[in-house]
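# Remarks on the overall topology
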Amino acid sequence: MSWPSAFPILSVLVWTPAAGALLSAFPGEDRAALRRMLSIGFAALSLALASALALTFEPGSSPRELRRWIPTLGLSYDLFVDGFGSILVLWVALLALLALVSVGSRELGRQATCLILLAETSLLGLATASDGALFLAFYGACLLVLTLLLGRFEEMKTFFSFQTAGATLAVVYVAISYHLTWVQTGFPSAEIARFSSLVTFPDSQSRMFLLGAAVVAFAAPLFPLTSWVSSATSALTTPGRLLLLGGWSLAGTLFFVRVVLPSAALREGAPFVMVLAALSLLYAGLASRRSWAPLLVGFQGLVVLGLLSPAAEGVAAGRAGMLQLALAFSTLALWKADSEDARGPAFTSGIAVAMFLPPSWFVLRELWSTAPALTALAGLGLVLSMFRLVRTLPPLSPRRSLLLVPLVGFWIFSLTAPSRFMPADSKAPATVEEE
Amino acid sequence: MRIAAFGPAFLPLLAAWVLSSRAGASRRGRWMVAAIDVLALLLAALLWNAWLGADLFSLFLGACVLGALTFAAVSPEQDIESLGLLHLGASLSIVAVSTRELSWSVPAILLFGILVRKTRERLVLFLVPSVVAVAGLAVAAASDEIGLLLVAAGLSAVWLVVSREVLRSSTSGLVTRMGVSFTLLVAVSSVHLRIAAWFPEAAPLGTIEALAFGALSLGAFGALGAMRITTFLTAVALARAGLVLLALLGGVHAGGPLLLELAASGVSLLLLAAALERTDTIDEISNLRSVPRRLVLALGALSACSFPPFPGFVAAFPLSSALVDQGYSFSLLVAVALLFLLALGSMRVVARAWESGRTRKVESTVGLAALGLAIAASLAFSIAPARLVEIARAAALSIL
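Residues numbered from 1 in each chain as written. Chains lettered and ligands numbered in written order. Predicted model: local features only at pLDDT ≥ 70, side-chain atom pairs only at ≥ 80, totals over all residues. Heavy atoms only, no water.

## Comments concerning the overall build of chain A
Counting its secondary structure elements, chain A contains 18 helices and 2 strands. Evaluated residue by residue, chain A yields a buried proportion of 64% over its 435 residues. Within chain A, residue pairs in contact and separated by at least 24 positions form 81% of the contacts whose partners lie at least 6 positions apart. Carbon and sulfur atoms provide 68% of the accessible area of chain A, an area that totals close to 15500 Å². (Helix = DSSP H or I, 4+ residues; strand = E, 2+ residues; numbered from the N terminus. Buried < 20%, exposed > 50% of the residue type's maximum accessible area, 1.4 Å probe, protein only. Contact = heavy atoms within 4.5 Å. Areas by Shrake-Rupley, 256 points an atom, 1.4 Å probe, with all protein chains shown as cover.)

Structure, rendered in structure tokens:
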């Protein structure tokens, strides 16, 4: 089914949570129940829209909204979803709703409620933006909202420093691509789809790839740019942790998938990034701290390994890995990080581990044919971190276990739709194969 | 009909007269002053649309000056004397941006500096660059290159000295003081822009580049290490001035983005000043309770570093493209690194304002003017910036 072009489904989807944030700001502190009702109502509406979008998705008739934002500068308000995007928006909408219902109305103040809904808007914008400037605008907004959600000065400072370093590099990447588009086509444009058709010298292309990889290394993060993760996950309450681990963990890799990989036919720096990714996995397995930090780093390494795979199946596994990593981490976010009484194993922790397994298997299988030593290193890290994960997680409370149900449901849904993870354009892998 | 461009310059003089009279201190007097400023702004808009011979470049910069003036006049603060001086200075600033003769604009800027400096201390710091600028005017007749270099360096130093002194003189009336710094920056930038556009061969681009990096570095590191609010504001103003100077290197294509960045600087600096009014140290920001005030503070601080999606961000793309076009790729990368540091400095302030678990005691909110400016700036710069971008582009092209 295709959406009527007169109905701006994508804009309505993206801005509904922001409207909810605005309205949720009005009830005072003594009317927490009303605020909770309002915020959950808007998040649920957003989830309904996202579900409709994902379930009615048909390749070739995906909705797109293209409006001229600043025509003189070639910047557009351009929203679009492909198969992968349709699953992402569904995930973000579900995540925000889970974040809002994961705690009681008294635990969630006015500021946090508004920030969660604003984070949802910016994450939905990230998943749908097809213009580089618009993507960065949502990226910056999301980064700011998550920084403010952290609440503690030192943690805010550290998180913002690392993430802004990544965001700055992303701005540089898009600005260079914008300039090249202007020079080569004669008119300015930041449309992401155009970046892949730019003609550059081989050495410039390698440099651009490394720049894009540096963005993902800061944002994901990859080893050794990880010092913010532990403090950030400790500082956040459950809703914030859900958004950071389940939502923001997608931002850096999404930039890589949407902007960098389609235009990087030559990836001379790829082995270096892959080694960094494998080291991240090993770090996750060997780190002694009971924290999500090394795990996040390790599994982001796994995702990057998948995305850099030369085969389209590997890329699809990397994309699926992005989402399933976010899912698995959202499951983990239901536990308190660095928990002193963390002892396992438990059934619920087994579920979290199971979520990591399918994408891990596909990524490592694809990688084995090209880099067996790297696969062995990454595999060792993966096994060690899985072992640590099962060993350290305590059983969940019955209420929290209930929250696992939608997560597992979504996981099963994502497993049943593998075609949506295949790169629709397939330009980058195809070029590599041809060469 | 070029004299028409000077029209809005006379009205601030009238406002300054009202402020100096007995009525100036009363509520009615303040409203009168605000009405005169709005009238001047409307006159500038009318001149733009009627095309009465006034060049668009002058009108754009004049509108920036008058916008800052109107904002200062309607802001809830009581420093009438500074406000009167700002009006006198704004009048001179409009003269400086409207004339096409450097021999008029340079003295107007220096006179502005003399007027707003309240202290006689460290006079030599002001006099030396002033003399250098005047000497540059004299030398320019014989040697364009050396003369323009002296003018550019002298005026930039004058701006730095005056801004620093004015901002540091008190922690109250910050909006007016920032208004002085910004209107002077607009006037100085107009001279720089004209030099770069009219004398492309003789323009002292090397000096401008050095000044830009000096200002950006001092500003970025200053904002990162500042403990006092006035130091922080001076550092941010300095960094914005550095960014504007750097944009000059982009040539003709950078004109529009430069004017946008200049306007965004005004918005950012004035909002910061309004939100930080009557706070002394960075730590005191944690005491601010009002949500609108903290929102305005976040908007001002983050647009100071052109952080996406705040004002100034969209201009970054054409600006960087123009700089790369002119062969300043490395300079651009250094500037990006410095802007990153400025972002960290700005976030220190925002994080202090929004950290949780604090008992916030300062109830006073930000004025309606600041809220209005914040909303208008978000609309004009971030949400629907197309019209503003076109205006800035037309203004930049009219300089040639």
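Continuing now.
## Here's the deal with the overall build of chain B
Scanning chain B for helices and strands turns up 16 helices and 0 strands. The C-alpha atoms of chain B give 20 Å as radius of gyration, which agrees with the globular expectation for 400 residues (21 Å, within 12%). In terms of overall dimensions, chain B has C-alpha extents of about 65 × 50 × 45 Å along its principal axes. Relative to its 400 residues, chain B shows a buried fraction of 61%. A separation of at least 24 residues holds for 79% of the contacts in chain B among residues at least 6 apart in sequence. Accessible surface, chain B as shown: approximately 14800 Å² in total, 68% of it carbon and sulfur. Averaging the locations of the 27 positively and 21 negatively charged side chains of chain B gives two centres separated by 9 Å. (Rg over C-alpha atoms; globule rule 2.2 N^0.38 Å. Lys, Arg positive; Asp, Glu negative; His and termini not counted. Charge placed at Lys NZ, Arg CZ, Asp CG, Glu CD.)

## Comments concerning the interface of chain A and chain B
The extent of an interface is frequently quoted as the accessible surface area lost upon association of the parts. Counting residues at the interface gives 33 residues for chain A and 34 residues for chain B. Each partner contributes to the roughly 2900 Å² buried at the junction of chain A and chain B, and carbon and sulfur atoms together form 80% of this total. Summed over the shared surface of chain A and chain B, the result is 0 salt bridges. If you look at where chain A meets chain B, you find 4 residue pairs in polar contact (both at pLDDT 80 or more). For the side of chain A that touches chain B, the secondary structure elements donating two or more residues are strand 1 (64-70), helix 5 (132-150) and helix 6 (153-185) of chain A. Looking at the side of chain A that touches chain B, the element that brings in the most residues is helix 6 of chain A, giving 16 residues. Residues that form the side of chain A that touches chain B fall into these classes: 23 nonpolar, 9 polar and 1 charged. (Buried area = accessible area lost by both parts, 1.4 Å probe. Salt bridge = Lys/Arg side-chain N within 4 Å of Asp/Glu carboxyl O. Polar contact = N/O pair within 3.5 Å; in protein donor to acceptor, adjacent residues only side chain to side chain. Nonpolar A, V, L, I, M, F, W, Y, C, P; charged D, E, K, R; others polar.)

## A look at unusual backbone geometry
Put simply, A220 of chain A and P221 of chain A share a cis peptide bond, and its omega is 0°. The topology assignment puts P221 of chain A in the loop between helix 8 (202-219) and helix 9 (227-235). Cis geometry is found at the peptide bond from P308 of chain B to P309 of chain B, where omega equals 5°. Among the secondary structure elements, P309 of chain B is positioned in the loop between helix 12 (291-304) and helix 13 (316-325). The phi dihedral of R278 of chain B falls on the positive side, at around 60°, and the residue is not glycine. One can find R278 of chain B in the loop between helix 11 (255-275) and helix 12. Judged by its relative accessible area of 58%, R278 of chain B is exposed. Of note in the backbone geometry, S306 of chain B takes a positive phi value of approximately 55° without being a glycine. We classify S306 of chain B as buried; its relative accessible area is 10%.

## Some remarks on the packing of helix 11 of chain B against helix 16 (residues 386-397) of chain B
Residues and elements named next belong to chain B. Orientation of helix 11 relative to helix 16, taken along the N-to-C sense of each, is 120°, at an axis distance of 7 Å. When the axes of helix 11 and helix 16 are compared, the pair comes out oblique. By crossing handedness, the relation of helix 11 to helix 16 is classed as right-handed. Residues G255, G256, L259 and L260 of helix 11 pack against L388, V389, A392, R393, A395 and A396 of helix 16. Taken together, the residues of the contact of helix 11 with helix 16 break down into 7 nonpolar, 2 polar and 1 charged. (Axes fitted to C-alpha atoms, helices over the stretch in contact; angles between N-to-C directions. Parallel < 35°, antiparallel > 145°, perpendicular 65-115°, else oblique. Left-handed = near helix turned anticlockwise from the far one by under 90°.)

## Some remarks on the packing of aromatic side chains
Following the criterion strictly, the structure yields 13 aromatic pairs over all chains and no others. When the ring of F160 of chain A is compared with that of F307 of chain B, the centres are 5.5 Å apart and the planes differ by 35°; the resulting orientation is tilted. In this pair, F160 of chain A is assigned in helix 6 and F307 of chain B in the loop between helix 12 and helix 13, connecting two distinct chains. Given the relative accessible area of 1%, F160 of chain A is considered buried. Among the aromatic residues, those joined into a cluster by ring pairs are F135, Y139, Y173, W248 and F255 of chain A. Taking the ring centre of W354 of chain B as reference, the NZ or CZ of R294 of chain B above it sits at 4.5 Å. In this arrangement the basic side chain of R352 of chain B is found over the ring face of F153 of chain A, its NZ or CZ atom lying 3.8 Å from the centre. (Phe/Tyr/Trp six-rings, centres within 6.5 Å; stacked < 30°, edge-to-face > 60°. Lys NZ or Arg CZ within 6 Å of the ring centre and 35° of its normal.)

## Structural notes on the packing of helix 11 of chain B against helix 12 of chain B
Residues and elements named next belong to chain B. Contact geometry for helix 11 and helix 12: axes closest at 8 Å, N-to-C directions at 145°. Two packed elements cross with a definite hand, and for helix 11 against helix 12 that hand is left-handed. Residue-level contacts link S268, L271, L272 and A275 of helix 11 to R293, V296, L297, L299, G300, A301, S303 and A304 of helix 12. Across the contact of helix 11 with helix 12, the residue classes tally to 8 nonpolar, 3 polar and 1 charged.

## Comments concerning a nonpolar patch on the surface
Residue and element names in this part refer to chain A. Side chains of L22, L23 and F26 sit close together on the surface and give an oily, nonpolar patch of about 350 Å² of accessible area. Summarising the element assignment, F26 is placed in the loop between helix 1 (9-24) and helix 2 (32-55). Taking the relative accessible area as the measure of exposure, F26 reaches 63% and is therefore exposed. (Patch = residues over 30% accessible without salt bridge, like charges linked within 9 Å, V, L, I, M, F, W, Y side chains within 5 Å.)

## Some thoughts on the environment of T231 of chain B
Take T231 of chain B: it is sitting in helix 10 (residues 229-247). Setting aside chain neighbours within four positions, we find T231 of chain B in contact with R168 and A226 of chain B.

## Let's talk about the pattern of salt bridges
Opposite charge on two side chains permits pairing when their charged atoms draw close. All names here are of chain A. Tallying each qualifying case throughout the model produces 13 salt bridges over all chains. A salt bridge links D78 to R64; the nearest nitrogen and oxygen atoms lie 2.6 Å apart. Here D78, found in strand 2 (residues 75-80), pairs with R64, found in strand 1; they are 14 residues apart in sequence, far enough to count as distant.

## Things to note about the side chain of E155 of chain A
Within the secondary structure, E155 of chain A sits in helix 6. Residue contacts for E155 of chain A: discarding those within four places in its chain leaves L150, S231, A232 and A235 of chain A.

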